[in-house]
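Per-entry structural report
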Amino acid sequence: MPTVIVMDVSLSMTRPVSVEGSEEYQRKHLAAHGLTMLFEHMATNYKLEFTALVVFSSLWELMVPFTRDYNTLQVVLVTDGCLGIGRGSLRHSLATLSQRNDSNRFPLPFAFPSKLYIMCMANLEELQNSESLDYLERLIDLNNGEGQIFTIDGPLCLKNVQSMFGKLIDLAYTPFHAVLKCGHLNSDVQVFPRPEPVIIDEEIEPVPKHINTDLEIVGFIDIADISSPPVLSRHLVLPIALNRDGDELGPGVTEDTEDENSASQIAGKIPNFCVLLHGSLKVEGMVAIVQLGSEWHGMLYSQADSKKKSNLMMSLFEPGIEPLPWLGKTAQLGPISDAKDNPYGEDDNKSPFPLQPKTKRSYAQNVTVWIKPSGLQTDVQKILRNARKLPEKTQTFYKELNRLRKAAMAFGFLDLLKGVANMLERECTLLPDTAHPDAAFQLTHAAQQLKLASSGSSEYASYDHNITPLQTDFSGSGSERI
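Predicted model only: the values in this text are computed from it and were never measured.

Rules used in this analysis
Residues numbered from 1 in each chain as written. Predicted model: local features only at pLDDT ≥ 70, side-chain atom pairs only at ≥ 80, totals over all residues. Heavy atoms only, no water. Pairing = 2+ DSSP bridges. Helix = DSSP H or I, 4+ residues; strand = E, 2+ residues; numbered from the N terminus. Expected span 1.5 Å × (residues − 1). Buried < 20%, exposed > 50% of the residue type's maximum accessible area, 1.4 Å probe, protein only. Arc of directions from axis to C-beta. Contact = heavy atoms within 4.5 Å. Phe/Tyr/Trp six-rings, centres within 6.5 Å; stacked < 30°, edge-to-face > 60°. Lys NZ or Arg CZ within 6 Å of the ring centre and 35° of its normal. Core = buried A, V, L, I, M, F, W, Y, C linked by side-chain atoms within 4.5 Å.

**A short note on the pairing of strand β14 (residues 233–239)**
In this structure, strand β10 (residues 185–192) lies alongside β14, joined through four bridges in antiparallel fashion. Bridge assignment links V189 to a residue of β14, and that residue is P239. Inspection of the sheet shows β14 paired to strand β19 (residues 310–316) by four bridges, in the antiparallel sense. Bridging across to β19, S233 finds its partner in L316.

Below you can see the structure in the form of structure tokens.
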């Protein structure tokens with residue numbers, strides 16, 4: 001996920017730090033040294049990571065902005081842990097949390113999913129003596145416990161600052177390397193962003209589930225059959241070059257940065273399975289099913305960023321034996337050659353998916369689905385057509401009305417009920433003089449019932465409640481409602 005670096009440049013960060021055998025440093029110099037190390041690591045191993053830098057004291061300034069919007073962020077706060085004094089300080093802000101309103105709310109918890117890492121230019125003993133540690137831990141708690149506090153081990157010096165930032169890199173910025181395999185073909189790849197472990201609820205306690213570093217392709221399937229499945233996350237799959245010792249050099253990157261362009265050209269001429277797979281999936285219109293672990297699968301596919309550029313992507317399914325119900329159990333899928341007859345037909349003009357359930361459930365019935373506006377418009381128009389043919393179509397009118405009402409109640413679409421009620425009232429005013437008197441009564445009655453349902457009244461807003469026709473009796477030229 002993208003990173004926001006928030007650096008404290010308040011007066012307390014200018015406190016001197018004695019480093020033996022060298023000139024005097026300030027705490028902000030140590031912070032800058034650590035951040036330089038982090039940025040150099042990202043430039044080498046996390047080239048696709050987007051980073052923004054914010055500096056703050058009593059005011060703040062965005063030094064390097066993002067180039068796009070994001071929903072999930074990693075926030076790295078670099079500070080010396082001083083709480084400050086007076087209004088606006090961390091001590092005062094946390095003490096007055098209950099008195100704040102929406103106009104001056106405390107930034108935490110963030111309005112987006114995030115992890116907060118606090119890098120302290122101080123050692124643990126110093127923070128404990130000043131009570132700063134308790135306040136910093138409260139910041140992590142306010143962020144739903146997502147994050148961690150890092151302190152300098154031992155005296156404040158450049159070496160120990162490097163060690164502290166190294167721990168952050170190992171935790172959050174280590175690239176995920178894997179081997180993509182398909183039969184005898186394989187390719188070293190980097191999966192970006194790094195896949196997060198999935199928490200599996202066991203009977204005793206939740207257990208984190210990690211994906212394998214060996215990604216085995218177990219089969220291929222048409223894009224039309226896989227459709228748009230629910231996924232946990234999406235990742236880029238990038239081919240990487242490894243040197244003789246197994247260290248990553250990146251896509252065509254050598255140890256000498258001056259030869260990067262020439263090395264990239266050389267790497268582009270070397271056959272690579274990852275590139276072959278990407279081109280094949282793009283041309284054939286298929287996806288590859290890849291095994292991520294025990295009873296856990298995902299899919300590899302080509303996704304276009306523009307008309308001329310596309311990338312090999314990997315999406316992770318929910319762990320389980322049947323992540324996509326319309327395909328059945330993943331372990332029971334097999335090659336077409338194993339089937340007695342081609343399931344796609346002799347001319348490849350049909351599909352065996354979605355699978356039909358073996359037994360028809362007793363409660364199976366047609367379900368109202370409004371995926372597109374045209375579906376909702378059709379249902380409303382059907383009600384209006386029957387309304388104009390009252391009283392001959394009374395039963396059909398109320399059947400369609402109740403079907404729409406139940407769907408709207410299930411979706412929480414109460415405004416739809418108000419809109420249809422207004423339409424029925426308008427139809428009532430447009431009835432011709434030759435219309436049957438019962439039509440006006442039924443339209444008014446139906447509109448009133450829909451308004452009662454939309455108001456949330458317990459008696460009429462029940463999902464199981466049905467609107468029944470209004471009982472009327474007409475004799476001679478007059479009419480009487482009973």
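**Things to note about helix α8 (residues 273–284)**
Taking 1.5 Å per residue as the helical rise, α8 with its 12 residues ought to reach 16 Å, and the 16 Å between its terminal C-alpha atoms agrees with that figure. If you check which residues of α8 are buried, you get F273, C274, L277, H278 and L281. The buried residues of α8 occupy an angular sector of 140° when the element is viewed end-on, so they sit on one face. Among the exposed residues of α8, those oriented more than 90 degrees off its buried face are V275, L276 and V283.

**Overview of helix α9 (residues 373–387)**
A rise of 1.5 Å per residue sets the reference length of α9, with its 15 residues, at 21 Å; its end C-alpha atoms lie 21 Å apart and thus fit the reference within 8%. Buried within α9 are the following residues: L376, D379, V380, I383, L384, N386 and A387. Buried residues in α9 make contact with α10 (394–411), α11 (414–429) and α12 (437–454).

**Focus: the packing of aromatic side chains**
Aromatic rings in a pair are described by how distant their centres are and how their planes are angled relative to each other. Under the criterion given, the structure shown has five aromatic pairs. Arranged with centres 6.0 Å apart and planes meeting at 80°, the rings of Y46 and Y173 form a pair that is edge-to-face. Here Y173 lies in the loop between α5 (158–172) and β9 (176–182) and Y46 lies in the loop between α1 (27–45) and β4 (51–56), a separation of 127 residues in the sequence. According to the relative accessible area criterion, Y46 is buried, its value standing at 5%. The exposure class assigned to Y173 is buried, which follows from its relative accessible area of 1%. One aromatic cluster in this structure is built from Y46, Y173 and F192. Positioned above the aromatic ring of Y463, the side-chain terminus of K406 is 4.7 Å from the ring centre.

**Looking at unusual backbone geometry**
Cis geometry marks the peptide bond from L108 to P109, where omega comes out at -5°. Its place among the elements puts P109 in the loop between α2 (90–95) and β7 (114–123). L390 connects to P391 through a cis peptide bond whose omega is 5°. Structurally, P391 is set in the loop between α9 and α10. Although it is not a glycine, S227 sits at a positive phi angle of roughly 60°. With respect to the helices and strands, S227 occurs in the loop between α6 (223–226) and β14.

**Let's talk about the nonpolar core**
Nonpolar side chains tend toward joint burial in soluble globular proteins. Counting 28 residues, the largest nonpolar core has L38, V78, M119, M121, F165, L168 and Y173 as its most contacted members. Of all the elements in the fold, those that place two or more residues in this core are β1 (3–8), α1, β4, β6 (73–79), β7, β8 (147–152) and α5. If we skip the residues at most four places from it in the chain, F165 touches A31, G34, L35, M37, L38, M119 and M121. Residues M409, L417, L450 and I467 belong to the second largest nonpolar core, which totals 26 residues.

**Some points on the side chain of S315**
Within the secondary structure, S315 is located in strand β19. Dropping the residues within four chain positions of it, S315 is found in contact with V231, S233, R234, G298, M299 and Y301.

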